[in-house]
Amino acid sequence: MKHPFSRLKNLAVILLFSTSLFGQTTPMKPVSPNASPEAVALLDYIYSISGKYLLTGQHNYPNIKNRNTLFVKNYVGKTPVIFSTDWGFAKDGDKDSYLARPDIVKEAIRQHKMGSIITICWHAVPPTANEPITFQPLPNADPNAPLASVQGRLTDKQFQDILTPGTKLYKHWCEQVDSVAKYLKMLQAAHVPVIWRPYHEMNGSWFWWGGRVGKYSTMAIYKQIYDRLIRVHKLNNLIWLWSVDRPNNEIMQFTNYFPGAKFVDILGLDVYGNDFKQEYYDKLMALSGGKPVTLAEVGNPPSAEVMEHQPNWMYYVVWAGMVRNTPLKQYLSLAENKHVLYKEDKDYVESTVAYRKGCNLPPLELVALKPGDYSGTYVFNEDKSTLNNTGASELPYKIKILQDGNSLEIQKTILVEFVDNRIETLKLILDGPELITQFRNSPMTTVAKLIAGSDAFETNSKVSFTRNGKTMDMLTNEKWYLTDNGKTLVIEQSSNSFGDVRKITMVFDKAVQ
């Protein structure tokens, strides 16, 4: 990934960066006074990876424990590092139920011990209502009735009262904050540090707390919850994440909502629709003063190109239910990127040793790589495949695989129009020695290896041809992986021979035995 200095045009911003994050020589302390050893260790870790690694993350609805995270592991083959959840607001039985909080605490403790980093937000109930509430105002709701949903607008007088000690709405606001402080204290007692994201997307006007500037502002209510959790509840396990949405108009500019460095450990941006504009990143970096920046909530993870131009994103969190907004091949490409870390990755295991020690936890253990179960017969599906102008020529219409651990015996049947079908056999040993065979009377070398952290594998082959006294190489790279719970085999092939480049995706349906 390229260094961001080459992308910045403003000399003042360059000087700011060079004397802050990239010149950091001593650990930064959390903005929570008397921060717990675990919180200190977590923030130290965050600084140690910022600009070097991008941690993967997944949000889980409050009432489903870690189901979204498990979906990612099953779908992609790796486990996201960041475990994100919410304190909830909805009725019993709803995916966003506020009654799930005791289970959220238990799950957060379990995830922390297993190596996840915990972040929690809160779709807070407006002080004009009591839990449970709805996300949006109910259809045909009385517009003059007190707001009883996360989305919606309070009157200016109501918002002023929330920020005015002694008023009825202020007292009710305190009670509501105290109700989640109770569970944050449980996590503190369990020595779990939490990246805490209150009043997220605060520069937008869709949530009751957002989009307000002036004396009675969104900035003020952020400072007010900081004061109550720190001064009244003495919470010291929180890493404070200030979170905004994209600044789509002048009133949404970040500077209108930034409470100041002494209230913020991390600056976060929410991005949907792949709207990773460079200006958003540059503005957040300029505001950060060297503090870490993160993609607190996304619909799609950033692409390799985005990462190249915006290298200091510290992690991303895909929102619950949006994993399949992104093609599987993009996730697999991310899984191969040495700068992107999942829990199973060696660099994550090794980079967290000091952090885990600071949390009085043992180091994580590397999980041995093993392939998926590829045994079976697969039939070519031309309609699902992506081919070039040579069509299905020379491609197998049937593949039979016998697998024993890391050893795969592969038999390919290629249709030939003028003679009997051609049968090609190959024995691969994943992460094994180089294999030397023949391809049309020319030597071919093949190396097969597992893709780290997944059950997929790739092969790299080279065939040397001699033509008119000149030796030319045909290079082929293939990525093999299973989808649809093993019912579909996908082979992404890229080859280069005699100046022609071929990139295709072959899809095979598993035959019913």
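Residues numbered from 1 in each chain as written. Predicted model: local features only at pLDDT ≥ 70, side-chain atom pairs only at ≥ 80, totals over all residues. Heavy atoms only, no water.

## A word on the overall build of the protein chain
No. 1: Per the secondary structure count, the protein chain includes 12 helices and 20 strands.
No. 2: For the protein chain, contacts bridging at least 24 residues in sequence account for 62% of all contacts bridging at least 6.
No. 3: Roughly 23,800 Å² of accessible area belongs to the protein chain as shown, and the carbon and sulfur atoms make up 52% of that amount. (Helix = DSSP H or I, 4+ residues; strand = E, 2+ residues; numbered from the N terminus. Contact = heavy atoms within 4.5 Å. Areas by Shrake-Rupley, 256 points an atom, 1.4 Å probe, with all protein chains shown as cover.)

## A look at the nonpolar core
No. 1: Within the largest apolar cluster, 82 residues are counted, with the highest numbers of intra-cluster contacts made by Trp 87, Trp 173, Trp 196, Trp 208, Leu 229, Trp 240 and Trp 242.
No. 2: Ranked by the residues each element gives to this core, the list is headed by helix H6 (residues 168–189), at 10 residues.
No. 3: Grouped together as the second largest cluster of nonpolar side chains are 28 residues, Ala 41, Tyr 53, Ile 266 and Val 349 included. (Core = buried A, V, L, I, M, F, W, Y, C linked by side-chain atoms within 4.5 Å. Buried < 20%, exposed > 50% of the residue type's maximum accessible area, 1.4 Å probe, protein only.)

## Some words on the pattern of salt bridges
No. 1: One pass over the full model with this rule turns up 19 salt bridges.
No. 2: Between Arg 228 and Asp 178 there is a salt bridge whose closest N-O contact spans 2.9 Å. Placement of the pair is Arg 228 in helix H7 (residues 218–232) and Asp 178 in helix H6, with a sequence separation of 50 residues.
No. 3: On the basis of relative accessibility, which here comes to 15%, the residue Arg 228 falls in the buried class.
No. 4: Notably, a salt bridge pairs Lys 346 with Glu 350, separated by 3.9 Å at the nearest N-O pair. Of this pair, Lys 346 and Glu 350 both sit in helix H11 (residues 346–351), 4 residues apart, roughly one helical turn.
No. 5: For Lys 346, a relative accessible area of 49% corresponds to the partly exposed category.
No. 6: Overall, Glu 350 belongs to the partly exposed group, its relative accessible area being 46%.
No. 7: Several salt bridges converge on common partners, so that one network encompasses Arg 197, Asp 270 and Glu 297. (Salt bridge = Lys/Arg side-chain N within 4 Å of Asp/Glu carboxyl O.)

## Things to note about helix H3 (residues 67–76)
Owing to its 3.6 residues per turn, the α-helix aligns residues three or four sequence positions apart on the same side.
No. 1: Here H3 has its buried residues at Asn 68, Thr 69, Val 72 and Val 76. Angularly, the buried residues of H3 cover 105° about the axis, an arc narrow enough to put them on a single face. Across from the buried face of H3, at angles greater than 90 degrees, the exposed residues are Arg 67 and Asn 74.
No. 2: Those residues of H3 hidden inside the fold are in contact with strand S2 (57–59), strand S3 (82–86) and helix H10 (328–336).
No. 3: Phi for Gly 77, located one or two positions after H3, is positive at around 100°. (Arc of directions from axis to C-beta.)

## Some words on the packing of aromatic side chains
No. 1: Within the structure shown, the criterion is met by 20 aromatic pairs.
No. 2: With 5.5 Å between their ring centres and 50° between their planes, Tyr 199 and Trp 209 make a pair best called tilted. Here the residue Tyr 199 occupies a position in the loop between strand S5 (194–197) and H7, and Trp 209 occupies one in the loop between S5 and H7, the gap between them amounting to 10 residues. Here the two residues Tyr 199 and Trp 209 agree in accessibility, since each one is buried.
No. 3: An aromatic cluster of three or more residues is present, and its members are Phe 89, Phe 135, Tyr 199, Phe 207, Trp 208 and Trp 209.
No. 4: Sitting over the ring of Tyr 61, Lys 95 keeps its end group 4.8 Å from the ring centre. (Phe/Tyr/Trp six-rings, centres within 6.5 Å; stacked < 30°, edge-to-face > 60°. Lys NZ or Arg CZ within 6 Å of the ring centre and 35° of its normal.)

## Structural notes on the pairing of strand S16 (residues 442–450)
No. 1: Side-chain alternation along S16 places Ser 442, Met 444, Thr 446, Ala 448 and Leu 450 on a buried face and Pro 443, Thr 445, Val 447 and Lys 449 on a face that remains uncovered.
No. 2: Strand direction decides the pairing type here: strand S15 (residues 435–439) and S16, joined by 5 bridges, are antiparallel. Paired with Gln 438 across the two strands is Pro 443, which belongs to S16.
No. 3: Bridge count for S16 against strand S17 (residues 457–467) is 7 bridges, and the pairing is antiparallel. Each bridged residue has a counterpart across the sheet, and for Val 447 the counterpart in S17 is Asn 460. (Pairing = 2+ DSSP bridges.)

## Some points on the side chain of Lys 78
No. 1: Along the chain, Lys 78 falls in the loop between H3 and S3.
No. 2: You can call Lys 78 buried: its relative accessible area is 0%.
No. 3: Polar contacts involving the side chain of Lys 78 include one to the main-chain carbonyl oxygen of Ala 335, which spans 2.8 Å.
No. 4: Here Asp 345 takes part through its side chain, which lies 2.7 Å from a polar atom of the side chain of Lys 78. (Polar contact = N/O pair within 3.5 Å; in protein donor to acceptor, adjacent residues only side chain to side chain.)

## Quick look at the environment of His 112
No. 1: You can see His 112 is positioned in helix H4 (residues 101–113).
No. 2: C-alpha separation for the pair His 112 and Leu 361, spaced 249 residues apart in sequence, amounts to 9.5 Å.
No. 3: Other than its neighbours up to four places away in sequence, His 112 contacts Ile 118, His 191, Val 192, Pro 193, Tyr 355, Arg 356, Cys 359 and Leu 361.

## Looking at helix H2 (residues 37–49)
No. 1: With 13 residues, H2 should cover 18 Å at 1.5 Å per step; its first-to-last C-alpha distance of 19 Å lies within 8% of that length.
No. 2: Of the residues one or two after H2, Gly 51 is the one with positive phi, at around 85°. (Expected span 1.5 Å × (residues − 1).)

## A word on the pairing of strand S6 (residues 238–245)
No. 1: Across the 8 residues of S6, 8 count as buried, placing the element largely inside the fold.
No. 2: Of the two faces of S6, the one lined by Leu 238, Trp 240, Trp 242 and Val 244 and the one lined by Ile 239, Leu 241, Ser 243 and Asp 245 are each fully buried.
No. 3: The parallel pair S5 and S6, bridged by H7, forms a crossover whose chirality is right-handed.
No. 4: Bridging between S6 and strand S7 (residues 266–271) involves 5 bridges; their strand directions are parallel. Residue pairing across strands places Leu 241 opposite Ile 266, the latter belonging to S7. (Right-handed = clockwise from strand over helix to strand, strands pointing away.)

## Focus on the side chain of Ser 442
No. 1: Its place among the elements puts Ser 442 in strand S16.
No. 2: Look at Ser 442 and you get buried, because its relative accessible area is 10%.
No. 3: Ignoring anything within four residues of it in the chain, the contact list for Ser 442 reads Thr 437, Val 463, Ser 464 and Phe 465.

## Some words on the confidence of the model for the protein chain
No. 1: Mean pLDDT for the protein chain: 91, with 93% of residues reaching 70 or above.
No. 2: Contacts from residues 1–25, a stretch scored under 50 in pLDDT, to residues over four places away or in other chains number 39 contacts. (pLDDT = per-residue confidence, 0-100.)

## Here's the deal with unusual backbone geometry
No. 1: For the peptide bond that leads from Glu 131 to Pro 132, omega is 0°, which places it in the cis range.
No. 2: Within the secondary structure, Pro 132 is located in the loop between strand S4 (117–121) and helix H5 (156–162).
No. 3: In the Ramachandran plot, Lys 234 falls in the positive-phi region, its phi being about 55° despite a non-glycine side chain.
No. 4: Tracing the sequence through the fold places Lys 234 in the loop between H7 and S6.

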